[in-house]
Amino acid sequence: LFPGVRQAQWLTKTKLVEGLPPAVQGIMDNPAHGLQELEERAKHAVSHARLWDTAEVAPRREQYCPVLFENLIHICRLMSGKYPSLNKRMLARNCRIAATWERESILLQVRGLSGILMNSMTPIPPVASKEEVLATKEHVLETFYPIAPTIDLQEVNVYKELNDTGQCFGDGYPYSHPHTLFFLESANARTDRFRPEQLRAKMLMFAFGNALAKAKALHGNDPKVLEQPVVVQSVGTDGQLFQFMVFQLNTTDLVSNDGVKNLVWVDSDQNLYEKAQCVPEVKKRVVTKPAGISGFQPDTFKKFLALYLHGTV
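We now turn to the structure provided with this report. (Residues numbered from 1 in each chain as written. Predicted model: local features only at pLDDT ≥ 70, side-chain atom pairs only at ≥ 80, totals over all residues. Heavy atoms only, no water.)

## A short note on the overall build of the protein chain
Part 1 of the reasoning: When you go through the protein chain residue by residue, the secondary structure sums to seven helices and 13 strands.
Part 2 of the reasoning: The C-alpha radius of gyration computed for the protein chain amounts to 20 Å, which stays within 12% of the reference 20 Å derived for 313 residues, consistent with globular compactness.
Part 3 of the reasoning: With respect to the three principal axes, the spread of C-alpha positions in the protein chain is 70 × 45 × 40 Å.
Part 4 of the reasoning: Residue burial in the protein chain is summarised as follows: out of 313 residues, 49% are buried.
Part 5 of the reasoning: Carbon and sulfur atoms form 50% of the exposed surface of the protein chain, whose accessible area is close to 15,400 Å². (Helix = DSSP H or I, 4+ residues; strand = E, 2+ residues; numbered from the N terminus. Rg over C-alpha atoms; globule rule 2.2 N^0.38 Å. Buried < 20%, exposed > 50% of the residue type's maximum accessible area, 1.4 Å probe, protein only. Areas by Shrake-Rupley, 256 points an atom, 1.4 Å probe, with all protein chains shown as cover.)

Have a look at this one:
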(Lines give C-alpha, C1' and ligand atoms only; values in the text may rest on other atoms or scores of the structure.)
Protein backbone atom coordinates (compact mmCIF):
# COMPACT_ATOMS: atom_id res chain seq x y z
CA LEU A 1 0.00 0.00 0.00
CA PHE A 2 1.78 3.08 -1.23
CA PRO A 3 0.13 5.72 1.04
CA GLY A 4 0.45 3.30 3.95
CA VAL A 5 -1.83 3.36 6.99
CA ARG A 6 -4.02 6.19 5.63
CA GLN A 7 -5.01 4.06 2.68
CA ALA A 8 -5.53 0.99 4.89
CA GLN A 9 -7.82 3.07 7.11
CA TRP A 10 -10.06 3.91 4.17
CA LEU A 11 -10.11 0.33 2.88
CA THR A 12 -11.08 -1.02 6.31
CA LYS A 13 -13.33 1.90 7.39
CA THR A 14 -11.17 2.53 10.43
CA LYS A 15 -10.45 5.43 12.75
CA LEU A 16 -6.87 5.61 14.06
CA VAL A 17 -5.95 6.44 17.65
CA GLU A 18 -2.29 7.18 18.48
CA GLY A 19 -0.77 5.11 21.27
CA LEU A 20 -1.87 1.91 22.98
CA PRO A 21 -5.38 1.58 24.46
CA PRO A 22 -5.87 2.06 28.23
CA ALA A 23 -6.45 -1.67 28.72
CA VAL A 24 -2.91 -2.44 27.50
CA GLN A 25 -1.33 0.60 29.12
CA GLY A 26 -2.88 -0.45 32.43
CA ILE A 27 -1.10 -3.81 32.24
CA MET A 28 2.21 -2.03 31.67
CA ASP A 29 1.70 0.39 34.55
CA ASN A 30 0.47 -2.12 37.14
CA PRO A 31 3.45 -3.20 39.31
CA ALA A 32 1.48 -6.24 40.50
CA HIS A 33 2.15 -7.94 37.17
CA GLY A 34 5.90 -7.82 37.79
CA LEU A 35 6.86 -6.88 34.25
CA GLN A 36 9.95 -5.03 35.47
CA GLU A 37 11.25 -8.28 37.00
CA LEU A 38 11.74 -9.69 33.50
CA GLU A 39 13.73 -6.74 32.11
CA GLU A 40 17.10 -8.40 32.76
CA ARG A 41 15.93 -11.51 30.91
CA ALA A 42 14.90 -9.33 28.00
CA LYS A 43 18.37 -7.75 27.87
CA HIS A 44 19.91 -11.22 27.76
CA ALA A 45 17.45 -12.16 25.01
CA VAL A 46 18.74 -9.29 22.87
CA SER A 47 22.37 -10.15 23.61
CA HIS A 48 21.76 -13.81 22.77
CA ALA A 49 20.16 -12.96 19.42
CA ARG A 50 22.67 -10.28 18.39
CA LEU A 51 25.94 -11.47 19.95
CA TRP A 52 25.96 -15.07 21.18
CA ASP A 53 23.80 -17.17 18.85
CA THR A 54 26.36 -17.48 16.07
CA ALA A 55 30.06 -17.80 15.49
CA GLU A 56 29.86 -15.14 12.79
CA VAL A 57 31.42 -11.78 13.54
CA ALA A 58 28.09 -10.05 12.89
CA PRO A 59 24.88 -12.12 12.51
CA ARG A 60 22.58 -11.30 9.64
CA ARG A 61 19.12 -9.90 10.26
CA GLU A 62 17.49 -12.98 8.74
CA GLN A 63 19.13 -14.93 11.56
CA TYR A 64 18.87 -12.68 14.62
CA CYS A 65 15.34 -11.33 14.01
CA PRO A 66 13.59 -14.74 14.35
CA VAL A 67 15.88 -15.71 17.25
CA LEU A 68 14.99 -12.50 19.10
CA PHE A 69 11.28 -13.14 18.54
CA GLU A 70 11.52 -16.68 19.90
CA ASN A 71 13.48 -15.41 22.91
CA LEU A 72 10.85 -12.76 23.71
CA ILE A 73 8.00 -15.24 23.33
CA HIS A 74 9.82 -17.61 25.70
CA ILE A 75 9.99 -14.83 28.31
CA CYS A 76 6.28 -14.15 27.85
CA ARG A 77 5.51 -17.82 28.44
CA LEU A 78 7.25 -17.63 31.80
CA MET A 79 4.23 -15.62 32.99
CA SER A 80 2.03 -18.72 32.65
CA GLY A 81 3.15 -19.81 36.12
CA LYS A 82 1.49 -16.68 37.48
CA TYR A 83 -1.40 -16.68 35.02
CA PRO A 84 -2.27 -20.32 34.09
CA SER A 85 -4.83 -19.23 31.47
CA LEU A 86 -1.87 -18.19 29.28
CA ASN A 87 -1.46 -21.91 28.58
CA LYS A 88 -4.64 -21.67 26.51
CA ARG A 89 -2.68 -20.15 23.61
CA MET A 90 -1.13 -21.63 20.48
CA LEU A 91 1.28 -20.24 17.90
CA ALA A 92 0.50 -21.14 14.29
CA ARG A 93 2.87 -20.51 11.40
CA ASN A 94 2.29 -20.28 7.66
CA CYS A 95 -1.49 -20.05 7.99
CA ARG A 96 -3.44 -18.35 5.24
CA ILE A 97 -6.20 -15.82 5.80
CA ALA A 98 -8.94 -14.91 3.34
CA ALA A 99 -11.49 -12.17 3.91
CA THR A 100 -13.82 -10.49 1.42
CA TRP A 101 -15.82 -7.28 1.77
CA GLU A 102 -17.40 -4.55 -0.32
CA ARG A 103 -16.29 -0.93 0.02
CA GLU A 104 -18.47 1.54 -1.85
CA SER A 105 -18.85 -0.30 -5.19
CA ILE A 106 -15.53 -2.17 -4.97
CA LEU A 107 -15.15 -5.83 -4.02
CA LEU A 108 -12.00 -6.24 -1.92
CA GLN A 109 -10.10 -9.23 -0.61
CA VAL A 110 -7.17 -9.67 1.72
CA ARG A 111 -5.52 -13.05 1.21
CA GLY A 112 -2.20 -14.61 2.00
CA LEU A 113 0.12 -15.68 4.80
CA SER A 114 -0.82 -13.79 7.96
CA GLY A 115 2.54 -13.86 9.69
CA ILE A 116 2.88 -15.89 12.87
CA LEU A 117 -0.57 -16.10 14.43
CA MET A 118 -1.14 -16.59 18.15
CA ASN A 119 -4.59 -18.03 18.79
CA SER A 120 -6.46 -18.25 22.05
CA MET A 121 -9.29 -20.35 23.45
CA THR A 122 -11.04 -17.13 24.49
CA PRO A 123 -11.36 -13.79 22.62
CA ILE A 124 -9.80 -10.51 23.72
CA PRO A 125 -12.55 -8.37 25.29
CA PRO A 126 -13.45 -5.11 23.50
CA VAL A 127 -11.05 -2.29 24.36
CA ALA A 128 -13.44 0.55 23.45
CA SER A 129 -16.74 1.09 25.25
CA LYS A 130 -20.08 1.15 23.45
CA GLU A 131 -20.11 4.94 23.88
CA GLU A 132 -16.69 5.23 22.21
CA VAL A 133 -17.85 2.97 19.39
CA LEU A 134 -20.99 5.05 18.77
CA ALA A 135 -18.89 8.23 18.82
CA THR A 136 -17.02 6.99 15.73
CA LYS A 137 -20.11 7.83 13.67
CA GLU A 138 -18.89 11.44 13.70
CA HIS A 139 -15.45 10.54 12.35
CA VAL A 140 -14.84 11.52 8.73
CA LEU A 141 -12.63 9.15 6.78
CA GLU A 142 -9.84 10.69 4.71
CA THR A 143 -10.19 10.41 0.95
CA PHE A 144 -7.49 10.62 -1.72
CA TYR A 145 -9.47 12.40 -4.43
CA PRO A 146 -8.66 12.67 -7.31
CA ILE A 147 -6.53 9.56 -6.64
CA ALA A 148 -8.51 6.33 -6.27
CA PRO A 149 -7.99 4.70 -2.84
CA THR A 150 -7.38 1.40 -4.64
CA ILE A 151 -4.69 2.85 -6.93
CA ASP A 152 -1.94 0.33 -6.19
CA LEU A 153 -4.00 -2.74 -5.32
CA GLN A 154 -3.67 -5.83 -7.49
CA GLU A 155 -6.68 -6.57 -9.67
CA VAL A 156 -7.64 -10.24 -9.95
CA ASN A 157 -10.64 -12.25 -11.10
CA VAL A 158 -12.49 -13.48 -8.02
CA TYR A 159 -14.27 -16.78 -8.60
CA LYS A 160 -15.12 -17.45 -4.95
CA GLU A 161 -15.66 -14.96 -2.14
CA LEU A 162 -13.72 -16.55 0.71
CA ASN A 163 -13.85 -15.76 4.41
CA ASP A 164 -11.47 -18.16 6.10
CA THR A 165 -9.68 -17.66 9.41
CA GLY A 166 -6.90 -20.09 8.57
CA GLN A 167 -6.54 -23.08 6.29
CA CYS A 168 -4.48 -24.92 8.89
CA PHE A 169 -7.40 -25.02 11.37
CA GLY A 170 -10.03 -27.72 11.20
CA ASP A 171 -13.51 -27.80 12.69
CA GLY A 172 -13.44 -28.06 16.45
CA TYR A 173 -9.98 -26.50 16.77
CA PRO A 174 -9.94 -25.36 20.43
CA TYR A 175 -7.73 -22.28 19.86
CA SER A 176 -10.25 -20.66 17.56
CA HIS A 177 -9.87 -16.96 18.40
CA PRO A 178 -7.15 -14.88 16.70
CA HIS A 179 -5.19 -13.02 19.39
CA THR A 180 -1.98 -11.49 17.99
CA LEU A 181 -0.26 -11.47 14.60
CA PHE A 182 3.54 -11.23 14.51
CA PHE A 183 5.31 -9.98 11.38
CA LEU A 184 9.09 -10.45 11.18
CA GLU A 185 10.74 -8.22 8.58
CA SER A 186 13.95 -10.23 8.66
CA ALA A 187 15.33 -9.70 5.13
CA ASN A 188 18.96 -8.64 5.39
CA ALA A 189 18.79 -6.16 2.49
CA ARG A 190 16.83 -3.04 3.40
CA THR A 191 15.24 -2.93 -0.07
CA ASP A 192 13.67 -6.36 0.56
CA ARG A 193 11.98 -5.25 3.79
CA PHE A 194 8.78 -3.28 4.23
CA ARG A 195 9.37 0.29 5.35
CA PRO A 196 7.83 0.97 8.79
CA GLU A 197 4.82 2.78 7.29
CA GLN A 198 4.20 -0.05 4.81
CA LEU A 199 4.60 -2.62 7.58
CA ARG A 200 2.00 -0.86 9.72
CA ALA A 201 -0.40 -0.85 6.76
CA LYS A 202 0.18 -4.57 6.26
CA MET A 203 -0.38 -5.18 9.98
CA LEU A 204 -3.68 -3.28 9.85
CA MET A 205 -4.94 -5.09 6.75
CA PHE A 206 -4.20 -8.55 8.14
CA ALA A 207 -5.52 -7.75 11.64
CA PHE A 208 -8.70 -6.50 9.94
CA GLY A 209 -8.84 -9.58 7.70
CA ASN A 210 -8.56 -11.99 10.62
CA ALA A 211 -11.16 -10.05 12.62
CA LEU A 212 -13.58 -9.87 9.69
CA ALA A 213 -13.28 -13.57 8.86
CA LYS A 214 -13.86 -14.44 12.52
CA ALA A 215 -16.85 -12.08 12.78
CA LYS A 216 -18.47 -13.61 9.69
CA ALA A 217 -17.86 -17.12 11.05
CA LEU A 218 -19.58 -16.12 14.28
CA HIS A 219 -22.36 -13.83 13.05
CA GLY A 220 -22.90 -14.58 9.36
CA ASN A 221 -22.34 -12.48 6.25
CA ASP A 222 -25.07 -9.87 6.76
CA PRO A 223 -23.52 -6.39 7.26
CA LYS A 224 -24.13 -5.21 10.81
CA VAL A 225 -22.75 -3.33 13.80
CA LEU A 226 -21.38 -6.02 16.10
CA GLU A 227 -22.86 -6.39 19.55
CA GLN A 228 -19.56 -7.98 20.60
CA PRO A 229 -16.65 -6.40 18.67
CA VAL A 230 -13.73 -8.59 17.59
CA VAL A 231 -10.25 -7.53 18.75
CA VAL A 232 -7.04 -8.66 17.03
CA GLN A 233 -3.57 -7.37 17.87
CA SER A 234 -0.50 -7.08 15.68
CA VAL A 235 3.24 -6.71 16.32
CA GLY A 236 5.83 -6.05 13.64
CA THR A 237 9.61 -5.89 13.97
CA ASP A 238 12.84 -5.98 11.99
CA GLY A 239 14.73 -7.26 15.03
CA GLN A 240 15.28 -3.82 16.55
CA LEU A 241 12.41 -1.46 15.70
CA PHE A 242 8.93 -2.50 16.85
CA GLN A 243 5.43 -1.55 15.72
CA PHE A 244 2.45 -2.26 18.01
CA MET A 245 -1.21 -2.31 17.02
CA VAL A 246 -4.59 -3.18 18.55
CA PHE A 247 -7.51 -3.42 16.11
CA GLN A 248 -11.20 -3.54 17.07
CA LEU A 249 -13.74 -4.57 14.45
CA ASN A 250 -16.97 -2.80 15.39
CA THR A 251 -18.90 -3.26 12.18
CA THR A 252 -19.06 -5.47 9.11
CA ASP A 253 -21.19 -2.84 7.33
CA LEU A 254 -18.30 -1.48 5.28
CA VAL A 255 -19.89 -0.30 2.02
CA SER A 256 -20.48 3.34 2.90
CA ASN A 257 -18.46 5.93 4.82
CA ASP A 258 -21.41 6.59 7.15
CA GLY A 259 -22.17 5.05 10.50
CA VAL A 260 -19.96 3.27 13.02
CA LYS A 261 -16.27 2.94 12.15
CA ASN A 262 -13.72 0.37 13.25
CA LEU A 263 -10.91 1.42 15.57
CA VAL A 264 -7.16 0.88 15.60
CA TRP A 265 -4.60 1.95 18.19
CA VAL A 266 -1.06 2.31 16.86
CA ASP A 267 2.23 2.76 18.71
CA SER A 268 4.90 3.34 16.06
CA ASP A 269 8.68 3.03 15.75
CA GLN A 270 9.68 1.79 19.20
CA ASN A 271 13.32 0.73 19.46
CA LEU A 272 14.05 -2.22 21.74
CA TYR A 273 17.71 -1.17 21.83
CA GLU A 274 19.81 1.52 20.16
CA LYS A 275 22.83 -0.45 18.96
CA ALA A 276 24.45 -3.87 18.98
CA GLN A 277 28.26 -3.66 19.01
CA CYS A 278 29.14 -7.17 17.82
CA VAL A 279 32.91 -6.61 17.77
CA PRO A 280 34.82 -4.33 20.14
CA GLU A 281 36.19 -1.17 18.57
CA VAL A 282 39.93 -0.88 19.17
CA LYS A 283 42.14 2.17 18.58
CA LYS A 284 45.84 2.09 19.33
CA ARG A 285 45.42 -1.21 21.17
CA VAL A 286 42.82 0.34 23.46
CA VAL A 287 39.20 -0.83 23.46
CA THR A 288 37.19 2.34 22.88
CA LYS A 289 33.81 0.60 22.43
CA PRO A 290 33.34 -2.81 24.04
CA ALA A 291 31.09 -5.41 22.46
CA GLY A 292 27.56 -5.35 23.81
CA ILE A 293 24.05 -3.95 23.58
CA SER A 294 23.53 -0.26 24.24
CA GLY A 295 20.40 1.80 24.78
CA PHE A 296 18.07 -1.00 25.86
CA GLN A 297 14.49 0.34 26.10
CA PRO A 298 12.55 -1.52 28.82
CA ASP A 299 9.24 0.15 27.88
CA THR A 300 9.34 -1.44 24.42
CA PHE A 301 9.76 -4.87 25.97
CA LYS A 302 6.93 -4.13 28.42
CA LYS A 303 4.63 -3.23 25.52
CA PHE A 304 5.42 -6.54 23.83
CA LEU A 305 4.71 -8.41 27.07
CA ALA A 306 1.56 -6.38 27.84
CA LEU A 307 0.07 -7.25 24.45
CA TYR A 308 0.83 -10.92 25.16
CA LEU A 309 -0.91 -10.69 28.53
CA HIS A 310 -3.85 -8.70 27.19
CA GLY A 311 -7.08 -10.64 27.44
CA THR A 312 -5.81 -12.72 30.33
CA VAL A 313 -4.96 -10.25 33.12
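So that's the structure; there's more coming.
## Quick look at empty space enclosed by the protein
Part 1 of the reasoning: Taken as a whole and assessed by the stated rule, the structure comprises one cavity of 30 Å³ or more.
Part 2 of the reasoning: In this structure, the largest cavity encloses a volume near 50 Å³.
Part 3 of the reasoning: Around the largest cavity, the lining residues are Cys65, Leu68, Phe69, Leu72, Phe182, Phe183, Leu184, Val235, Gly236, Thr237, Phe242 and Phe304.
Part 4 of the reasoning: Looking at the lining of the largest cavity, the elements that each hand over two or more residues are helix H4 (61–77), strand E6 (177–184) and strand E7 (225–237).
Part 5 of the reasoning: Residue classes in the lining of the largest cavity are distributed as ten nonpolar, two polar and no charged. (1 Å grid on protein atoms, 1.4 Å probe; cavity = no way out; pocket = protein on both sides within 12 Å on 5 of 7 lines; lining within 4 Å. Points joined across faces, edges and corners; volume = space filled by probe spheres on them. Nonpolar A, V, L, I, M, F, W, Y, C, P; charged D, E, K, R; others polar.)

## What about the nonpolar core?
Part 1 of the reasoning: One finds Phe182, Leu272, Phe301, Phe304 and Leu309 to be the most contacted residues of the largest nonpolar core, which totals 48 residues.
Part 2 of the reasoning: The set of elements that each furnish at least two residues to this core consists of helix H2 (22–29), helix H3 (39–52), H4, strand E5 (116–120), E7, strand E8 (241–251), strand E9 (262–271) and helix H7 (298–309).
Part 3 of the reasoning: When residues of this core are assigned to their parent elements, the largest contribution, eight residues, is made by H4.
Part 4 of the reasoning: Not counting residues up to four positions away in its chain, the partners in contact with Phe301 are Leu35, Leu38, Glu39, Ala42, Leu72, Ile75, Leu272 and Phe296. (Core = buried A, V, L, I, M, F, W, Y, C linked by side-chain atoms within 4.5 Å. Contact = heavy atoms within 4.5 Å.)

## Regarding H3
The periodicity of an α-helix, 3.6 residues per turn, causes residues three or four positions apart to be oriented the same way.
Part 1 of the reasoning: Here H3 spans 18 Å end to end across 14 residues, near enough to the 20 Å set by a 1.5 Å rise per residue.
Part 2 of the reasoning: Restricting attention to buried positions, one finds in H3 the residues Glu39, Ala42, Ala45, Val46, Ser47, Ala49, Arg50 and Leu51.
Part 3 of the reasoning: Considering only its buried residues, H3 is in contact with H4, strand E10 (275–277), strand E13 (292–294) and H7. (Expected span 1.5 Å × (residues − 1).)

## Quick word on the packing of aromatic side chains
Part 1 of the reasoning: All chains considered together, the criterion is met by eight aromatic pairs.
Part 2 of the reasoning: Here the aromatic rings of Phe182 and Phe304 are separated by 5.9 Å at their centres, their planes lie at 40°, and the arrangement is tilted. Of this pair, Phe182 sits in strand E6 while Phe304 sits in helix H7, placing them 122 residues apart in sequence. The burial state of Phe182 is the same as that of Phe304; both residues are buried.
Part 3 of the reasoning: Here the aromatic cluster, defined as three or more aromatic residues joined through ring pairs, consists of Phe69, Phe182, Phe242, Phe244 and Phe304.
Part 4 of the reasoning: Sitting over the ring of Tyr64, Arg50 keeps its end group 3.8 Å from the ring centre. (Phe/Tyr/Trp six-rings, centres within 6.5 Å; stacked < 30°, edge-to-face > 60°. Lys NZ or Arg CZ within 6 Å of the ring centre and 35° of its normal.)

## Side note on the packing of H3 against H4
Part 1 of the reasoning: At a minimum axis distance of 8 Å, the contact between H3 and H4 shows a crossing angle of 155°. Here H3 lies roughly antiparallel to H4, going by the angle between them. Once H3 is placed against H4, the crossing between them reads as right-handed. Facing Arg41, Ala42, Ala45, Val46, His48, Ala49 and Arg50 of H3, the residues of H4 in contact are Tyr64, Val67, Leu68, Asn71, Leu72 and Ile75.
Part 2 of the reasoning: Taken together, the residues of the contact of H3 with H4 sort by class into nine nonpolar, two polar and two charged. (Axes fitted to C-alpha atoms, helices over the stretch in contact; angles between N-to-C directions. Parallel < 35°, antiparallel > 145°, perpendicular 65-115°, else oblique. Left-handed = near helix turned anticlockwise from the far one by under 90°.)

## A word on the pattern of salt bridges
Part 1 of the reasoning: Under the criterion given, the structure shown has ten salt bridges.
Part 2 of the reasoning: Glu142 serves as the salt-bridge partner of Arg6, at 3.0 Å between the closest nitrogen and oxygen. Of this pair, Arg6 sits in helix H1 (residues 5–12) while Glu142 is found in the loop between helix H5 (130–135) and E6, placing the two residues 136 residues apart along the sequence.
Part 3 of the reasoning: Here Arg200 makes a salt bridge to Asp269, at a shortest N to O gap of 3.1 Å. Of the two residues, Arg200 is situated in helix H6 (residues 196–219) and Asp269 in strand E9; the sequence distance between them amounts to 69 residues.
Part 4 of the reasoning: Taken together, the salt bridges that share partners define one network made up of Glu197, Arg200 and Asp269. (Salt bridge = Lys/Arg side-chain N within 4 Å of Asp/Glu carboxyl O.)

## Comments concerning unusual backbone geometry
Part 1 of the reasoning: If you check the backbone angles, Asn94 has positive phi at about 60° while not being a glycine.
Part 2 of the reasoning: Position of Asn94 relative to the elements: it lies in the loop between strand E2 (89–92) and strand E3 (96–103).
Part 3 of the reasoning: Exposure remark for Asn94: the relative accessible area of 63% places this residue in the exposed category.
Part 4 of the reasoning: Phi at Lys284 is positive, roughly 55°, even though this residue is not glycine.
Part 5 of the reasoning: The topology assignment puts Lys284 in the loop between strand E11 (281–283) and strand E12 (286–289).
Part 6 of the reasoning: The class for Lys284 is exposed, based on a relative accessible area of 82%.

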